[in-house]
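Fold and contact review
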Amino acid sequence: MRPFIKTALLLIVSIVVSGLIGESAARVGFPQWREFLSEWFMDRTVVPGFGAVSIGRAGFDGYFSQNNGDFRVHIKINKFGHRQSGSVADSDGRVWIVGDSFAFGWGVDGDQMTSSKLEVAANIRTYNIASPGADICGYQALVSRIPKKFKPRGIIVMLTLENDIRIYNCAAENSQMQSASDVDIRINLPTAKEFMMKHSALYNVSAVTAKRSPVLRELLMTVGLLARPHIKHGSFGEDDIERRGASVVSELKVLRDMVPADTPFATLLIPSRFEVRDNDNLFRRLREAVKKQLSNHNLDVIDPFEAFRKAGFTATHFAHDGHWSPRGHQIAAAAAAQWIQERGLQ
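These numbers come from a predicted model, not from an experiment.

1. Structural notes on the pairing of strand β2 (residues 51-56)
For β2, the buried fraction is high: five of the six residues fall into the buried class. Here six bridges tie strand β1 (residues 42-47) to β2, and the two strands are oriented antiparallel to one another. Among the inter-strand pairings, Asp-43 is bridged to a residue of β2, identified as Ile-55. Where β1 folds back on β2, the antiparallel hairpin that results is connected by three residues, among which Gly-49 adopts a positive phi of roughly 85°.

Rendered as structure tokens:
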């Protein structure tokens, strides 16, 4: 065998052995390495007539961490896939909180979620029906999953202005949606990162080390391997706001009609962090337009923007993650409690 072939083989074997030793050491020294991937506590299900939607993994009881150090929180999912104690039967007669990762309480403990804070602020029982990554079509699916014999005392839909405002056609989209077992797997940087997060303790140790080092973090952002925090992704024009708002209102009315007609129904607007932080004019126009269109269709609106602006961006959001800190949830709950009181739902 030629010398350079031997050298190459020895190098490969050395790299493999070193990697295995490093992986083994990381698993022993960093037993919580699995906490950084939301896939551990999330699942997907198919809702008849609504297609596939993400829900919590039934019975999960563990921790979820952000590798940049923003949070480490306890996640507990009930048997029906909700981040809610008790059974789905407990939803009967309570105020339902419907939404995406904000309503789910991404990054905060269970007693710090908007739904939990609202119970204290308004002295009323709530039930959390939320799923990270869902939009209004997903909210319809989540409400549809609740057995029909259970009725809400009221519903608050938490609408994320940054990514929920688009042109919808839920009926058409649901008919084309892939089933939970028919997922298109594509190989790219995000999927590669997800694979490594799921299977490698050594990768997770390295990611935590890099993201918590200012020098390494800046280097990763410079070369494009790490996104800078709180940067706009995608955009829309002012001439598109009215059409998007009309589409949102149309699908929210469909959601409202899924429950008894006399059910108090409100939309809580989750303000854009860019308006809270930068007084962004485009998102201000969007919020005001959506608020006006909802009111014109006799849909109650809860708008906590002024309270968020007064508290400030840093106090209400995580340093790197775009979600609310516990203070943000407290502000949203206070605004929702005022609506509860005005509606006399206690």
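2. Structural notes on the nonpolar core
Judged by nonpolar contacts, the single largest core of 42 residues is most densely connected at Trp-96, Val-98, Tyr-139, Val-157 and Leu-286. Look past the residues within four positions of Trp-96 in its chain and what remains in contact with it is Ser-91, Tyr-127, Ile-129, Val-143, Ile-146, Phe-150, Lys-151, Pro-152, Gly-154, Ile-155, Ile-156 and Val-259.

3. A look at helix α4 (residues 136-145)
Of all 10 residues that make up α4, 10 are buried, and the element is covered over most of its length. Buried within α4 we find Ile-136, Cys-137, Gly-138, Tyr-139, Gln-140, Ala-141, Leu-142, Val-143, Ser-144 and Arg-145.

4. Remarks on the state of the cysteines
Using the criterion set out here, one finds one disulfide in the structure. The partner cysteine of Cys-137 in its disulfide is Cys-170, sulfur to sulfur 2.0 Å. The sign of the -90° torsion about the S-S bond sets the Cys-137-Cys-170 disulfide as left-handed. Taken together, the residues span a long stretch of sequence, with Cys-137 in helix α4 and Cys-170 in helix α5 (residues 170-176) at a distance of 33 residues. Judged by relative accessible area, which is 4%, Cys-137 ranks as buried.

5. Section: the pattern of salt bridges
Oppositely charged side chains may form a pair once their charged atoms are brought near each other. In the structure shown here, the tally under the stated rule is 17 salt bridges. Across the pair Asp-43 and Arg-57 runs a salt bridge, and its minimum N-O distance is 3.7 Å. Taken together, the residues Asp-43 in strand β1 and Arg-57 in the loop between β2 and β3 (61-65) connect sequence positions 14 residues apart. The partner of Glu-275 in a salt bridge is Arg-287, with the nearest N and O atoms 2.8 Å apart.

6. Side note on the environment of Asp-111
Secondary-structure assignment places Asp-111 in the loop between α2 (101-104) and α3 (114-122). Not counting residues up to four positions away in its chain, the partners in contact with Asp-111 are Ser-116 and Lys-117.

What counts, and at which threshold
Residues numbered from 1 in each chain as written. Predicted model: local features only at pLDDT ≥ 70, side-chain atom pairs only at ≥ 80, totals over all residues. Heavy atoms only, no water. Buried < 20%, exposed > 50% of the residue type's maximum accessible area, 1.4 Å probe, protein only. Helix = DSSP H or I, 4+ residues; strand = E, 2+ residues; numbered from the N terminus. Pairing = 2+ DSSP bridges. Core = buried A, V, L, I, M, F, W, Y, C linked by side-chain atoms within 4.5 Å. Contact = heavy atoms within 4.5 Å. Disulfide = S-S within 2.5 Å. Salt bridge = Lys/Arg side-chain N within 4 Å of Asp/Glu carboxyl O.

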